[in-house]
Structure formats: structure tokens, C-alpha cells
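One-letter residues, chain by chain:
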Amino acid sequence: MATQQNHLTPDRASDPFLSRSATGIAGLDTILGGGVTRDRLYLVEGTPGTGKTTFGLQFLLEGLRQGESGLYITLSETATELRAVAASHGWSLDGLSLYELIDEEDLNPDFQQSILHPSEIELGETIKSVIARVEEIKPARVIFDSLSEMRLLAQNPLRYRRQILSLKHFFSTRKCTVLMLDDRTAEAGDLQLHSIAHGVISLEQLAQDFGTERRRLRVIKMRGISFTGGYHDFVLKTGGMHVFPRLVAAEHFTEFEDKMTSTGVSALDNLLGGGLARGTNTLLSGPSGVGKTTTALRCVLAALHRGERAAYYLFDEGLGTLMSRARALGMDVESYIADGSLKLHQINPAEMSPGEFATTVRNAVENEDRSFAVIDSLNAYLQAMPGEKFLLLQMHEMLSYLSQQGVTTLLVLGQHGLVGEVRSDIDLSYLSDTILMFRFFEARGDIATAVSVVKSRTSNHPRSIHEFRLSPTQGLQVGEALQDFEGIMSGLPTYRGKTPIMATNAD
């Protein structure tokens, strides 16, 4: 009886009694807990262009690396076309057997039948040819491409099902692990193959209004083994298919020391109630140009000074602009980039799927030992999503994962408007452990900036509003509490005292 659940179970995933065949596809074996069960028949379905042929070739090449012979039976593509696909990925198919079931003789009118229906002869001959070739080669892995041709030859569902069952029985007695590829040309709702196959993997390609298409994979069925359910993003690029397992935060937890760390600015530490707590996330929220990215850079630099390793995910501005900003304020990050302590990722949300981004973050934490992360900004990250609810769900898993790994995370969220009413595309306040809010306001004919901590789950913090300023000579400054102002957060304050303003004493 099949065991399906929404997360991998370590004891099942490492069960020595389950003999697995690795697929050779990065990420998919993780989803399947080690690969597919040997000597079974599987269905890989997807519309043309989703990557079925690449999937099949990778499966056979992985078997070849493990010393297993492979056979690719093709009814829809020629051997020349298959070699061209392989060459585009930098692969050689030497050592694999390619068998074309359709040849030039089938096009000769002299071979057409006049009494019996051609499909009755062709289907029987096709099955005999497959059996003969398998008996000759005795492969351990077989790709059958594609079932749509078999469906056309059978012409009715009963004959089609019987032939597939016959093939399944034949392969099971020959110790073959078989992947049958199907392009979904059957009528909608036809699940005959699903019931016959030992496992079913579905590939999808989704067109976007802008940017590259999105591809995703789902394991619909896999008898006898646990697997990670749901949709998993994947890409096709030179080198083959790369699958990005859906992030499940509950599967990842690491012991870490719970302590406060400095932002590098004592006044900002005081405002935060002692600094940034490990394993928490801080949301920097405010209008464009208010200083959110610079504050994040200052915090990153403090972490680097402590000997931590950091990752900065930049969605909005270019790397050159960010580096110029850092140099103008006297923040030297180039030396840390050179020695690998800081890694800047320039990300194009139109080209990268959410699953690929999550895998990039996981790699930074688990393989590169990075304990400080910045996502700048969430606005651009939102554009990579098919809808707001998916952003919230995936961001929840991402933040939970980072928290359980002891990573200090900064999230930058740009808001619409400069003064007066400001608003956000999304509300992530409930996901944030700490919220640092920035605002522009008018004071004595100048545009000044205010900062306040409006939420902290980890510390007792002052709720006062302070002036915030960026200085080329003094860097990031946090002034005294603006006690003599009212309405600062509205952007149109009223001055009722003598609190000195740094903006009026610019150096």
C-alpha cells in the first residue's frame, strides 16, 4: 500500500530494504527520498516542451554511471534528434542503446494492409519489436517515448490498456526499471495509466505575462515510498533538468546560541532594545530613498566585523549602485566580497522562480555557513509570484526555516508615497519579529527622516520616534527622541518645542 505524506520521513527515506534507482536529476531524488523503486514501471507525463525527453536521458545516463545498461525506445523522435538534445546539454549517448520503432519502410505504400485494419498489424508488430530488442539488450533501465503513439495505434481504450498491462508484466519479469513518457493527448480525465503505473510524475510549463516561463513538477503517486508532496519548481538549462524541492521548514532545525548582536550603531541598538536577536527577522519598512538599504548594509558590515558570513539578495538595484552607495558612506564591503565572507546575489525576479530562490538561500545557509541574510526588496520578490497568497505562504516557510537555522534576517519593504499617506503592496507585519519603520517629514524647510521601532518580539524597546540621518563623514546617525513634534508619521508634523534637528546642522 502506498505511503504518501507531505514531508520526508528520515527512517523511511533511508530504509535499507528499499532498493532505489537514483534518477540523476538534482533535487528530484531528494523529493523521492533517494530515487524510484527498482524494477517498476513509472509514468512521466507532460505537454510538449516540459522536459520529458531530457528527463528520460538523464535517467539513463545516471544508470550508465552506475554500470546499468540503458535502452531508449522512441516512436516520436529519431535517434539523430535525441543525440542533438543530448549534445545541447553537453552529453554523449555513447554506451546507451537507441531504438527507433518507425523507419522508412513504414512509409512504403506496398506495406499497407487492405483486408485487416493497419493499426491491428502495426500495434502487434510494435510490441513484438520492443520485446525482441529488450530480450537482445537486457537493459536495466528503459525509456518508452511516447505512449501517445501507442494510443493512436490501439485506437480504443480497452486494447490500449491491455497492451500497457502486457508490457508492464513483461518488463517486471526482466528486471527493468521503466519510464513511460506521455504527452497528455488523451481525453481530459483519463486516468487509466495512473492506475497501472507504480508511480506518476507530472511536468508542467506555465507561461507568464512577462519574463521566462515557469516549470514545475509534482509527484502524483509513488507506491511504497514517502515523498515530498506539492509542486516543486524546476528549470531546463545546459546540463539538464534541475528540480528545486519545496521548502518545508518543519524538516530543518539546528541548535544555536540565542543572543543579541549589534547593528554597528549604538543608538540604533538602543532603539531596538539591545540590537538584533539571532534567529529572528527584522522588517525595514519605508518609502523609497529613506535609507532602508543603507541601514541593512550597516548591519551586514557589523556582522562581518564579528566574523560572520553573510548573503545579500539584491532584487531592485544593480550591484554597481550598491557598491557606490557603500563607498560614499565609508562602508568597505569590497574586501569582504573578495575573501568570500559576503556574497552579493543580483537576482532578476522575472527569470528566477520562488523555488529556485529558496534553494539558493538554503545552499547559502547549509553549504556556505552564512548566518546573516538580507532580502532587498520584498516588492520585487512579489513580482516573481503568481499571486500574493503564494508570496505569504512561501515567505512564511522561508522565514521559519531561517529562524530555525539561527540566521539573522533583514527584509526590506518599499512603500508607496513619500510624505503623507504611505501604503504597501503587502502586509508582512505579522510574519516579522521586529519592525523598523522609516518616514520622511518636513522640518524648517528641510526634508528630514524619522525612524521608530513599532514592534519587537524579542526585547523591550523604546517606542519613541527619532531623527535618522545618513552622513558622508559620520555614516548612519540616530538622533534624540523627537518629543516636541506631533504627527511625524503622517509626514506633516507640528513643532511644539526646541528639540534640535540634525538636518538643520548638515556637515
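Our subject is the structure that appears above.
Since this is a predicted model, take the numbers as computed values, not measurements.

Caption draft 1: Up close: unusual backbone geometry. The amide bond that connects Asp 145 to the next residue, Ser 146, takes the cis arrangement and shows omega of 5 degrees. By the secondary structure assignment, Ser 146 is in the loop between β6 (141-145) and α6 (147-154). Cis geometry marks the peptide bond from Asp 376 to Ser 377; its omega dihedral reads 10 degrees. Position of Ser 377 relative to the elements: it lies in the loop between β17 (372-376) and α14 (378-383). We note that Lys 138 has phi near 55 degrees; this positive angle belongs to a residue other than glycine. Counting through the fold element by element, Lys 138 comes out in the loop between α5 (118-137) and β6. Even without a glycine there, the phi angle at Lys 175 is positive, about 55 degrees. Within the secondary structure, Lys 175 sits in the loop between α7 (157-172) and β7 (177-182). Take Lys 175: its relative accessible area is 58%, and that puts it in the exposed class.

Caption draft 2: Layout of the pattern of salt bridges. For the structure on display, the rule yields 15 salt bridges. The salt bridge partner of Glu 68 is Arg 38, with a shortest N-O separation of 2.5 Å. Of this pair, Glu 68 sits in the loop between α3 (52-65) and β4 (70-74) while Arg 38 sits in the loop between β2 (36-37) and β3 (41-45), placing them 30 residues apart in sequence. Look at Glu 68 and you get buried, because its relative accessible area is 12%. Ionic pairing is found between Arg 457 and Asp 433, a salt bridge with its closest N-O pair at 3.1 Å. Here Asp 433 lies in the loop between β18 (408-415) and β19 (434-443) and Arg 457 lies in the loop between β20 (446-456) and β21 (466-471), a separation of 24 residues in the sequence. Given the relative accessible area of 48%, Arg 457 is considered partly exposed. Here Asp 433 falls in the buried class, since its relative accessible area comes to 12%.

Quick notes on the rules
Residues numbered from 1 in each chain as written. Predicted model: local features only at pLDDT ≥ 70, side-chain atom pairs only at ≥ 80, totals over all residues. Heavy atoms only, no water. Helix = DSSP H or I, 4+ residues; strand = E, 2+ residues; numbered from the N terminus. Buried < 20%, exposed > 50% of the residue type's maximum accessible area, 1.4 Å probe, protein only. Salt bridge = Lys/Arg side-chain N within 4 Å of Asp/Glu carboxyl O.

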